[in-house]
Amino acid sequence: AFSVTAAAAPGSSNLPDAFDPVTGRGRWRYEARLGEGGLGVVYKATDLKGGRGEVAVKILKQHSRIQRRNARHAFSMHREAQWSVQWLHNEKDSRYLADDAALFARYLEDHTGFHDLPPFDFDSKRRHFEALDFNWVRDGPELPPQPYVVMEVVCGETLQTAIDRERRHPHPQPREDLSIEEKRRVIL
């Protein structure tokens, strides 16, 4: 989750795969910083080479100077993306529920570096990297310098902001952006 406050994307040339109009290299034209959450900073960008159009690019924040420690956070982004791609937004998955999928932004691409690492089955990968005895400093994988994920741009606000607003400003006739049932599904 991140707050949505558009601001210019300063220094976009040092963001991952930023488009350089002089050389024609890079894919993303970063346009604005949308917000920041616990894992990363989110930018609005336009895909100039892959045909995705306007997207949100979530770039991992550096939580530690030790790169392998950052891999643990990159794995969290990978897990989020794969949850969306493989299950939540995958109409072919038996667990797919359109009403639940509509409550979350759709992840489109995973550039965290974990997708191509063994084990290749996602449940096995989770068991491996989420094991209590897994040592990220010693055994964490080498990842790209700036792991990121790409998702659809969604206008709105975080769930926490909506819930807090309802608590702070109760209306005589309650106005809920999300029903109690929708909030329950998000939490689950």
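Residues numbered from 1 in each chain as written. Predicted model: local features only at pLDDT ≥ 70, side-chain atom pairs only at ≥ 80, totals over all residues. Heavy atoms only, no water.

A. Molecular detail of the overall build of the protein. Per the secondary structure count, the protein includes six helices and six strands. Counting only residues that meet the buried cut, the protein has 36% of its 188 residues in that class. Long-range contacts, defined here as pairs at least 24 residues apart, represent 55% of the contacts in the protein between residues at least 6 apart. Accessible area for the protein stands at about 11,500 Å²; split by element, carbon and sulfur atoms hold 52% of it. (Helix = DSSP H or I, 4+ residues; strand = E, 2+ residues; numbered from the N terminus. Buried < 20%, exposed > 50% of the residue type's maximum accessible area, 1.4 Å probe, protein only. Contact = heavy atoms within 4.5 Å. Areas by Shrake-Rupley, 256 points an atom, 1.4 Å probe, with all protein chains shown as cover.)

B. Looking closely at unusual backbone geometry. With an omega of -5 degrees, the peptide bond between proline 118 and proline 119 qualifies as cis. Mapped onto the fold, proline 119 is located in the loop between strand 5 (107-111) and helix 3 (122-129). Unusually for a residue other than glycine, aspartate 17 sits at a positive phi of about 50 degrees. Inspection of the secondary structure assignment puts aspartate 17 in the loop between strand 1 (7-8) and strand 2 (28-36).

C. Broad picture of the packing of aromatic side chains. For the coordinates displayed, the defined rule picks out 11 aromatic pairs. Both rings, one in phenylalanine 75 and one in phenylalanine 129, keep their centres 5.4 Å apart while their planes meet at 40 degrees; by these two values the pair is tilted. With a gap of 54 residues between them, phenylalanine 75 in helix 1 (residues 67-88) and phenylalanine 129 in helix 3 connect regions that are remote in the sequence. By the ring-pair criterion, three or more aromatic residues cluster together here, those being Phe75, Phe114, Phe129, Phe134 and Trp136. (Phe/Tyr/Trp six-rings, centres within 6.5 Å; stacked < 30°, edge-to-face > 60°.)

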